[in-house]
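Working through the structure, step by step
Below are the chains, spelled out letter by letter.
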Amino acid sequence: SGCASSTHFGGAAGLTMLQGDELPPPTLSDLEASSRPYRIGPFDKLTIDVFGSEELSRKEVQVDASGRITFPLIGTLEVAGKTPSEIGTAMQNRFRGRFIRDPQITVNLKEIVSQTVTIGGEVKKPGVYPIIGEMTLMTAIVSAEGWTDVASKGEVVVFRRVSGKDYAAIYNVKAIEKGNYRDPEIFSNDVVMV
């Protein structure tokens, strides 16, 4: 990866320019949820199935802005920062003994809203994309359906905010494709500009 030698990129005040391998990973508070395994965040949509109960199965629930869901019989449940499996276990504990003897509950992620990366510039389909598991710079670009004909693979900028400070790093993806450098990880709330 390559970078400019100045500490400010494009004259933007407060933006620190770093070597690609010096770009710090965001803290958990920067991400607002852990990165792996996927942790539920505000406005994510879930599908919940309660085995043996037709009325409580295939329920689609959206997490509210405060990170909670409401489900019949058990009321409000705090879900932000939990995995779908952890939510299922918490729901089973609430149901157990009160409503269902041995509840079996499955929680699946239907739509991701809280953990995304913005990809723009010279890609075929710029936009906001969900991050599931680990995403690298090259997989982010592939998510946006790849490069346009005029894209510069030698100058891909990743913008990141860490602990209230803005950073940017320029990557030479052509060199990454050749195996000269490792493919850097992309995190939730990053902005990738090709």
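Residues numbered from 1 in each chain as written. Predicted model: local features only at pLDDT ≥ 70, side-chain atom pairs only at ≥ 80, totals over all residues. Heavy atoms only, no water.

A short note on the sheet that holds strand 6 (residues 105-111)
This is how it is decided: Strand pairing follows a simple DSSP-based rule, namely that at least 2 bridges must link the two strands. Helix and strand definitions here come from DSSP, where helices need a minimum of 4 consecutive H or I residues and strands a minimum of 2 consecutive E residues; each element is numbered from the N-terminal end. Think of each axis as a best-fit line through the C-alpha atoms, taken over the contacting stretch in the case of a helix, with angles from 0 to 180 degrees between the N-to-C directions. Contacts are assigned to residue pairs that have any heavy atoms within 4.5 Å of one another.
Strand order in this open sheet of 3 strands is 3-2-6, and the pairing throughout is antiparallel. Each edge of the sheet is formed by a strand with only one pairing partner; in this case those strands are strand 3 (59-62) and strand 6. The average undirected angle you get between the axes of adjacent strands in this sheet is 30 degrees. Each of strand 2 (45-50) and strand 6 is contacted by helix 2 (residues 84-95), which is oriented at about 140 degrees to strand 6, the strand it contacts most.

Notes on helix 2
Keep this limit in mind: Any helix carries an expected span of 1.5 Å times its number of residues minus one.
With 12 residues, helix 2 extends 16 Å from end C-alpha to end C-alpha; this agrees with the ideal 16 Å at 1.5 Å per step. The secondary structure elements touched by the buried residues of helix 2 are strand 2, strand 4 (68-71), strand 5 (75-78) and strand 6.

Some remarks on the packing of aromatic side chains
Defined as follows: Aromatic pairing here means that ring centres of Phe, Tyr or Trp (its six-membered ring) are within 6.5 Å. Orientation follows from the plane angle: under 30 degrees is stacked, over 60 is edge-to-face, and everything else is tilted. Residue burial is assigned from relative accessible area. The probe radius is 1.4 Å, only protein chains are included, and a residue is buried under 20% of its type maximum, exposed over 50%, and partly exposed in between.
Tallied over the entire structure, the rule returns 1 aromatic pair. Ring geometry for Phe71 against Phe95: centres 6.3 Å apart, planes inclined by 80 degrees, an arrangement best described as edge-to-face. You can see Phe71 sitting in strand 4 and its partner Phe95 sitting in helix 2, a full 24 residues away along the chain. Accessibility assignment for this pair places Phe71 and Phe95 in one class, buried.

Side note on the confidence of the model for the protein
Residues shown with low pLDDT carry predicted positions that ought not to be read at fine detail. Filter applied, for reference: For every residue, the predictor reports its confidence as pLDDT, a number between 0 and 100.
Mean pLDDT over the protein: 84, with 87% of residues reaching 70 or higher. Below a pLDDT of 50 lies the segment residues 1-11, which in the model reaches 27 contacts outside its immediate sequence neighbourhood of four places, other chains included.

Side note on the side chain of Asp44
For clarity, the cut-off: His residues and chain termini do not enter the charge count, which takes Lys and Arg as positive and Asp and Glu as negative. Any Lys or Arg side-chain nitrogen found within 4 Å of a carboxyl oxygen on Asp or Glu counts as a salt bridge. Counting of polar contacts relies on pairs of N or O atoms within 3.5 Å, with two restrictions inside protein: one atom must be capable of donating a hydrogen and the other of accepting it, and residues adjacent in sequence are counted only when both atoms are side-chain atoms.
Secondary-structure assignment places Asp44 in the loop between helix 1 (28-31) and strand 2. Within the buried set, Asp44 has no salt-bridge partner at all; the shortest N-O distance to an opposite charge, 9.8 Å, is to Lys45. Polar side-chain contacts of Asp44 include one of 2.9 Å to the backbone nitrogen of Gly41. Not counting chain neighbours up to four residues away, the residues in contact with Asp44 comprise Tyr38, Arg39, Val61, Gln62, Val63, Leu109, Glu111, Ile112, Val113 and Ser114.

Topic: the pairing of strand 5
As paired strands, strand 4 and strand 5 are joined by 4 bridges and run antiparallel to one another. Each bridged residue has a counterpart across the sheet, and for Arg68 the counterpart in strand 5 is Glu78. Hairpin connection of strand 4 to strand 5: 3 residues between the antiparallel strands, including Leu73 at a positive phi of 75 degrees.

Quick word on the pattern of salt bridges
Oppositely charged side chains can pair when the atoms bearing their charge come close. For the structure on display, the rule yields 8 salt bridges. Measuring nitrogen to oxygen at the nearest pair gives 3.3 Å for the salt bridge that ties Lys110 to Glu60. With Lys110 in strand 6 and Glu60 in strand 3, this residue pair connects regions lying 50 residues apart in the sequence. Overall, the relative accessible area of 55% leaves Glu60 in the exposed class.

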